[in-house]
Amino acid sequence: MSLYDHILGGLYGQALGDAWCMAALLTPDQTWQRYGGWIDGFYLGPSDHPVHAGLPAGRITDDTEQAFALAESIIEDRGVTVEGAARAILRWYDRIGGDTCPYVGPSTRRAVQQLKRGVDPHASGAYGDTNGAAMRVSVVGLIHPGDVAGAARDAALQATPTHNTDVAMSGAAAVAGAVAMALVTAAQLDAILNAGIEAAEIGRRLGPTYMGASIAHRIRLAISIARRADDPRARLQDIYDLIGSTLAISESVPAAFGVLAMAGGDPLQTAIYAAGLAGDADTVGAMACAIAGAWRGADAFSADVCKTLREANPELDFEATARRLVDLVEPTA
């Protein structure tokens, strides 16, 4: 499989997990009862959802919007910089009308307000500990094939303007490191999961000390729950109850690794399980499916899934973005 196929798969995976799971509700039981079982397709945002009400079927949310904005700045700057990440976030925020948008996360909104007042991007992300830095970071992993440590370091850089804490950098690094390993054609799923744990430990050393559980340890716990032999719904309920599926980065990132492990790295099954987990399902799904997509490649996505994602999100050019990221990694390609 070519690097282009891996990267394109990562981009489609990011969008798939986001759009598939945005229709989930706040708890696993609530979601199961509403849909009469697993979420088995793209659905409208539920009218009673506190954030996603009224979103069209197949529409992405801030997870993928920010990921593509970050990719744009990475391509412009020929790499990851704190200043480029800040520019990407501000550009995205203004583009979506962030002041009135319901799905701007709390750490990101606070950081944008700081940046707009002229605060240095190295200081604007102080105390950011939610999952915004991790939900967009897959594109950083896509420019570091096989380089887990490099992906972790760049994940911390892009986190700085909005989530400048060790726990947030750990979560972002975990996702980026797993994506980086997923680009290695011969990689097995266990190697990808272990790369996420390794990167989480690297990331924890890169930011200012802040409160928060060990993401590396919680990834291990989530994987152990995911790989039990009992009913998938029981495992998801335990991930929800014991790991969590909220905006806290120490919950949602480990939960993403749990659903990825449960699904055996299949992108669509990962999306189904992430939606079944509920809570902040679109973020869990975006992170987990980005890793799965980068591993399985673009051919893992049906033509119908890709068509829906393109039509519901016409501003995203998956193929062109993938080509430009490949050119960044392999300038002579």
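Description of the structure in this document. Remember, it's a predicted structure, so these values are computed and weren't measured experimentally. (Residues numbered from 1 in each chain as written. Predicted model: local features only at pLDDT ≥ 70, side-chain atom pairs only at ≥ 80, totals over all residues. Heavy atoms only, no water.)

Considering all chains together, one arrives at nine aromatic pairs under this definition. Centre to centre, the rings of Tyr 12 and Phe 318 are 4.3 Å apart; their planes meet at 15°, and the pair counts as stacked. Residue Tyr 12 is found in helix H1 (residues 3–21), and its partner Phe 318 is found in helix H17 (residues 318–329); the two are separated by 306 residues along the sequence. The pair formed by Tyr 12 and Phe 318 is uniform in burial state, with each residue classed as buried. Joined through ring pairs, the aromatic side chains of Tyr 12, Phe 68, Phe 301 and Phe 318 make up one cluster. A cation over a ring is seen here: Arg 233 above Trp 32, with NZ or CZ 4.0 Å from the ring centre. (Phe/Tyr/Trp six-rings, centres within 6.5 Å; stacked < 30°, edge-to-face > 60°. Helix = DSSP H or I, 4+ residues; strand = E, 2+ residues; numbered from the N terminus. Buried < 20%, exposed > 50% of the residue type's maximum accessible area, 1.4 Å probe, protein only. Lys NZ or Arg CZ within 6 Å of the ring centre and 35° of its normal.)

Between its first and last C-alpha, helix H12 (residues 232–243) extends 15 Å over twelve residues, near the 16 Å set by a 1.5 Å rise per residue. Within H12, burial applies to Pro 232, Arg 235, Leu 236, Ile 239 and Ile 243. Taken around the axis of H12, the buried residues stretch over an arc of 100°, which confines them to a single face. In H12, the exposed positions that point more than 90 degrees away from the buried face belong to Asp 241 and Leu 242. Elements that come into contact with the buried residues of H12 comprise helix H11 (215–226), helix H13 (249–262) and helix H14 (267–277). Between the side-chain oxygen of the N-cap and the backbone nitrogen of Arg 233 there are 3.0 Å, and the N-cap of H12 in question is Asp 231. (Expected span 1.5 Å × (residues − 1). Arc of directions from axis to C-beta. Contact = heavy atoms within 4.5 Å. Polar contact = N/O pair within 3.5 Å; in protein donor to acceptor, adjacent residues only side chain to side chain.)

Here we take up the environment of Arg 87. Along the chain, Arg 87 falls in helix H4 (residues 82–96). Sequence separation of Arg 87 and Met 169 is 82 residues, and the distance between their C-alpha atoms is 19 Å. Discounting residues that sit within four places of it in the chain, Arg 87 has contacts with Ser 73, Glu 76 and Asp 77.

What follows deals with the pattern of salt bridges. Using the criterion set out here, one finds 19 salt bridges in the structure. Linking Lys 116 and Asp 94 is a salt bridge whose minimum nitrogen-to-oxygen distance equals 2.9 Å. Separated by 22 residues along the polypeptide, Lys 116 in helix H5 (residues 106–116) and Asp 94 in helix H4 bring together distant segments of the chain. On the basis of relative accessibility, which here comes to 47%, the residue Lys 116 falls in the partly exposed class. Several salt bridges converge on common partners, so that one network encompasses Glu 72, Glu 76, Asp 77, Arg 87, Arg 91 and Arg 95. (Salt bridge = Lys/Arg side-chain N within 4 Å of Asp/Glu carboxyl O.)

Okay, the state of the cysteines next. In a disulfide, the sulfur atoms of two cysteines are held together by a covalent bond. Tallying each qualifying case throughout the model produces zero disulfides. Of all cysteine sulfurs, the one in Cys 21 lies closest to Cys 101, which takes part in no disulfide; the gap is 18 Å. Assessed through its relative accessible area of 8%, Cys 101 is described here as buried. Cys 289 forms no disulfide, and the closest cysteine sulfur to it belongs to Cys 21, at a distance of 6.0 Å. For Cys 289, a relative accessible area of 0% puts it in the buried group. (Disulfide = S-S within 2.5 Å.)

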